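Given next are the chains, with one letter for each unit.
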Amino acid sequence: MDYTISITRQEERKVKESSLAPFGTQPTEHMFICEYKKGQWHDPRIVPFSDLVLSPFTLCLHYGQTVFEGMKAFTMEDGRVNIFRPLKHYERFSRSLERLCMPAVPQGLFIEALHQLIQLDAGWIPNDEEGSLYIRPFMIASEERIGVKAADEYLFMIVCSPAYQYYSKPLKVKVETEFVRAAEGGTGYAKCGGNYGAALYPTQLARNEGYDQVIWTDAKTHEFIEESGTMNLMFFIDNVLFTPPLSGTILDGVTRDSMLKLAKEMGISTAEMAISYKEIQVALEAGKRVEAFGAGTAAVVAPIETIAINGTHYQCYVGQDAMMYRLKQALCDIRKGLRPDTHNWNYILQ
Ligand SMILES: *Cc1c(COP(=O)(O)O)cnc(C)c1O
């Protein structure tokens, strides 16, 4: 199917902000926008980045019918631009949309819109080693109506922001056994706005206690580890890479999936299995070397240095020779074109 996307260019190139701009505050020059009405997507177009005008009656403002994705584009070693695993993000976007009763976006439209927009704004990818373009596709219910219902009208948009190299300092996290992020039958597997709003308060309480993040546990027993903040959680213990299996309460992270596949390729054993925080505690108390890290698009690997379990602090291994950094390097090398892309993860703009 042919998706013709009209392009209106920004007339004057805006001066780029410096790398001092906090993450996610600097938009690039253009954005993609498309409206859903009467059962169809209309008028897909790329236009200069601009504000939206919405009625206070707009449904998404009241009932949280919103879904988003977070992905990245990179400049490869040879200068070409690479979007990392857009199809995997598209599939997840589709699953999230279905859960929130929102209309599907045709794959061809999603990919073509990404392609055209990134091509146009590729100049915004920072030059530094780990610089990238953060890409945020999202959809909101745009119908004007303040009665609860699945909307009949939507906006699908893609916006971008330069992301500069950022050093993620080792985190101090606590195992959260009171609040939950997601429950079986809920929306944990969807990247929908409500999940993030609901996570703010427990996270803020943890911050007040001096932690950077929480480790979420399951809603039934508060014993099995799920995710950390907005990242999937992985452990490397006894030469095995452990992570909880995908379920209705865990987000199917693209980084998680990539790490598991890379680990297997590198000859590292992997295990997707339920992990009780008590098992982690036993390993730590036995003096084992435990690596713990968050995996997500933003930082790739966010090392965890301290885990608090019922008030006791345990130290994890964050030395430079840690396995998590080897995995991170392998992933970054694929994106840069420095390591063979055996899984066809790179979508390279020609
Ligand atoms: C986005 C997200 C992740 C990480 O997914 P990636 O595709 O690797 O960026 C993990 N957990 C939650 C809750 C998320 O929202």
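Rules used in this analysis
- Residues numbered from 1 in each chain as written.
- Predicted model: local features only at pLDDT ≥ 70, side-chain atom pairs only at ≥ 80, totals over all residues.
- Heavy atoms only, no water.
- Buried < 20%, exposed > 50% of the residue type's maximum accessible area, 1.4 Å probe, protein only.
- Helix = DSSP H or I, 4+ residues; strand = E, 2+ residues; numbered from the N terminus.
- Arc of directions from axis to C-beta.
- Polar contact = N/O pair within 3.5 Å; in protein donor to acceptor, adjacent residues only side chain to side chain.
- Expected span 1.5 Å × (residues − 1).
- Bend = angle between axes of the 7 residues up to and from the residue.
- Contact = heavy atoms within 4.5 Å.

## Description of helix α6 (residues 277-285)
So, point 1. Within the sequence span of α6, burial applies to Y277, I280, Q281, A283 and L284. Buried residues of α6, viewed axially, fall in a sector of 160°; they line one side. Those residues of α6 that are exposed and aimed more than 90 degrees away from the buried face are V282 and E285.
So, point 2. The residue sitting at the N-terminus of α6 and contributing the capping side-chain oxygen is S276; that oxygen lies 2.9 Å from the backbone nitrogen of K278.
So, point 3. Positive backbone phi, approximately 80°, marks G287, located one or two places after α6.

## Here's the deal with helix α4 (residues 193-208)
So, point 1. Helix length check: α4 (16 residues) gives 24 Å between terminal C-alpha atoms against 22 Å at 1.5 Å per residue, within 8%.
So, point 2. L200 marks where α4 bends most, by close to 30°; the proline P202 follows one to four residues later.
So, point 3. Considered for burial, the residues of α4 that qualify are N195, Y196, A199, P202, T203 and A206.
So, point 4. In this structure, the buried residues of α4 make contact with β4 (66-68), β9 (171-175) and β10 (213-217).

## Thoughts on the environment of M273
So, point 1. Tracing the chain through its elements places M273 in the loop between β14 (269-272) and α6.
So, point 2. Owing to a relative accessible area of 32%, M273 belongs among the partly exposed residues under this scheme.
So, point 3. Note: C-alpha distance between M273 and P244 (29 residues apart in sequence) is 4.9 Å.
So, point 4. In contact with M273, other than residues within four places in its own chain, are F242, T243, P244, P245 and E279.

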